[in-house]
Amino acid sequence: MPPYLVPERPRPPYSSVETPEAKALRSLAEAGYPNIRVSDLARLLPPDSFEEELVVMADVRAYYHVAYKRVIDHIPLTIEHGLHHALAKQLSQSLITSLLTDVASGPNFSERMNELVSEDPSITQKRTMLSTRKKRLSDIRRRLTTFSNSA
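Residues numbered from 1 in each chain as written. Predicted model: local features only at pLDDT ≥ 70, side-chain atom pairs only at ≥ 80, totals over all residues. Heavy atoms only, no water.

- The protein goes by GED domain-containing protein in an unreviewed UniProt entry, where it is assigned to Rhizopogon vesiculosus.

### A look at the overall build of the protein
Link 1 in the chain: Scanning the protein from terminus to terminus reveals four helices and zero strands.
Link 2 in the chain: Here the protein holds 151 residues, and 5% of them are scored as buried.
Link 3 in the chain: Surface exposure of the protein reaches about 13900 Å², of which carbon and sulfur atoms provide 62%. (Helix = DSSP H or I, 4+ residues; strand = E, 2+ residues; numbered from the N terminus. Buried < 20%, exposed > 50% of the residue type's maximum accessible area, 1.4 Å probe, protein only. Areas by Shrake-Rupley, 256 points an atom, 1.4 Å probe, with all protein chains shown as cover.)

### A few points about the pattern of salt bridges
Link 1 in the chain: Taken as a whole, this structure holds seven salt bridges when the rule is applied.
Link 2 in the chain: Note that Glu18 and Arg26 form a salt bridge whose closest N and O atoms lie 2.8 Å from each other.
Link 3 in the chain: Using a relative accessible area of 26% as the deciding quantity, one classes Arg26 as partly exposed.
Link 4 in the chain: Through salt bridges that share partners, Glu18, Arg26 and Glu30 make up one connected network. (Salt bridge = Lys/Arg side-chain N within 4 Å of Asp/Glu carboxyl O.)

### Structural notes on a negative patch on the surface
Link 1 in the chain: Taken together, the side chains of Asp48, Glu51, Glu52 and Glu53 present a region of like negative charge at the surface.
Link 2 in the chain: Positionally, Glu52 belongs in helix H2 (residues 51-105). (Patch = residues over 30% accessible without salt bridge, like charges linked within 9 Å, V, L, I, M, F, W, Y side chains within 5 Å. Lys, Arg positive; Asp, Glu negative; His and termini not counted. Charge placed at Lys NZ, Arg CZ, Asp CG, Glu CD.)

### Notes on the packing of aromatic side chains
Link 1 in the chain: Under the criterion given, the structure shown has one aromatic pair.
Link 2 in the chain: Judged by centre distance (5.4 Å) and plane angle (80°), the ring pair of Tyr63 and Tyr64 falls under edge-to-face.
Link 3 in the chain: Here Tyr64 falls in the exposed class, since its relative accessible area comes to 54%. (Phe/Tyr/Trp six-rings, centres within 6.5 Å; stacked < 30°, edge-to-face > 60°.)

### What about a nonpolar patch on the surface?
Link 1 in the chain: Nonpolar side chains collect at one region of the surface, where Val56, Val60, Tyr63 and Tyr64 lie side by side and expose about 450 Å² of accessible area between them.
Link 2 in the chain: Topologically, Val60 is positioned in helix H2.
Link 3 in the chain: On the basis of relative accessibility, which here comes to 41%, the residue Val60 falls in the partly exposed class.

### Description of the confidence of the model for the protein
Link 1 in the chain: Put simply, the protein has an average pLDDT of 83, and 87% of its residues get 70 or more.
Link 2 in the chain: At the level of individual helices and strands, the protein shows its lowest average pLDDT in helix H3 (residues 109-117), which scores 79, and its highest in helix H4 (residues 121-150), which scores 93. (pLDDT = per-residue confidence, 0-100.)

And the structure:
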């Protein structure tokens with residue numbers, strides 16, 4: 001049983017004054033609201049007259065909290081993008097220059113270029129295997145369709 005529903009006992013003379021919270025809880029219990037605590041009493045107060053303004057202020061603060069984090073995230077990404085873009089441009093130019101000077105100085109320029117643009121031998125082998133398999137499966141399919149048509 002909650003403490004405020006316990007029948008009153010005679011009180012000693014030093015506690016003859018009942019606190020306002022205890023009076024409110026006792027009155028609410030008598031009115032049919034038995035399980036209310038002191039922390040629930042704040043909900044009985046009317047809403048703040050500046051409730052809408054407080055909601056707007058909270059929304060604006062939340063927006064700026066997210067927005068400044070996004071700006072903070074984008075600054076390093078922008079710097080990194082600029083560096084990568086410059087590196088990629090310079091890298092491709094230096095690679096082509098280096099490649100042409102190294103290869104052009106050698107006696108077999110056309111062979112070296114063909115070697116650089118040629119496909120990996122393992123990929124060529126796999127392509128050949130898949131092509132022969134595809135041809136074999138197509139042949140089997142053709143035989144099956146002619147067999148089913150003749151039967």
